[in-house]
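Chain residues, written in single-letter form:
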Amino acid sequence: MKDMFFYFTKHMTVKMACEYLKVSRSTLGEWMKKGKIPFSKIGRSPRFDRDELDQWIKSGGIKTVELPPIPTLNRKVRYGNN
């Protein structure tokens, strides 16, 4: 039900965009500083156009981050008093 709100709102606030994109406020701020995400300003307040965000997502704007594999030990590990 909460997600339905986004379909009736064309211009989103920072808080709404964070919820819509499922990212933290600091992540969204970094994307804004680096020019990675489309937004405009109304006065001093940033606003996000829902249609532009959808297009940005479709064009690969949000990418999942793959972590490197955890290194394994090449030797046997002994536990206890062996």
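Residues numbered from 1 in each chain as written. Predicted model: local features only at pLDDT ≥ 70, side-chain atom pairs only at ≥ 80, totals over all residues. Heavy atoms only, no water.

**What to know about the environment of Asp49**
Along the chain, Asp49 falls in strand 3 (residues 45–49). For Asp49, a relative accessible area of 10% corresponds to the buried category. Considering only alpha carbons, one finds Asp49 and His11, 38 residues apart in sequence, at a separation of 4.7 Å. Not counting chain neighbours up to four residues away, the residues in contact with Asp49 comprise Lys10 and His11. (Helix = DSSP H or I, 4+ residues; strand = E, 2+ residues; numbered from the N terminus. Buried < 20%, exposed > 50% of the residue type's maximum accessible area, 1.4 Å probe, protein only. Contact = heavy atoms within 4.5 Å.)

**A few points about the pairing of strand 3**
In terms of strand pairing, strand 1 (residues 11–12) meets strand 3 through two bridges, oriented antiparallel. Along strand 3, the bridge assignment pairs His11 with Asp49. (Pairing = 2+ DSSP bridges.)

**Focus: the packing of aromatic side chains**
Evaluated as defined, the whole model comprises two aromatic pairs. Centroid distance Phe39 to Phe48: 5.9 Å. Interplanar angle 40°. Geometry classified as tilted. With a relative accessible area of 31%, Phe39 lands in the partly exposed category. A relative accessible area of 0% places Phe48 in the buried class. (Phe/Tyr/Trp six-rings, centres within 6.5 Å; stacked < 30°, edge-to-face > 60°.)

**What to know about the sheet that holds strand 1**
Neighbouring strands of a sheet are bound in pairs by backbone hydrogen bonds; such pairs are parallel or else antiparallel. Here we have three strands laid out as an open sheet, ordered 1-3-2, and antiparallel in their pairing. Of all strands in the sheet, those with a lone pairing partner are strand 1 and strand 2 (40–42), marking the two edges. Taken together, the three bridges between strand 2 and strand 3 define a ladder with antiparallel strand orientation. In the sheet register, Ser40 faces strand 3, and the bridge partner there is Arg47. Against the sheet, helix 3 (residues 50–58) makes contact with strand 1 and strand 3, and its axis sits at roughly 65° relative to strand 3, the strand it touches most. (Axes fitted to C-alpha atoms, helices over the stretch in contact; angles between N-to-C directions.)

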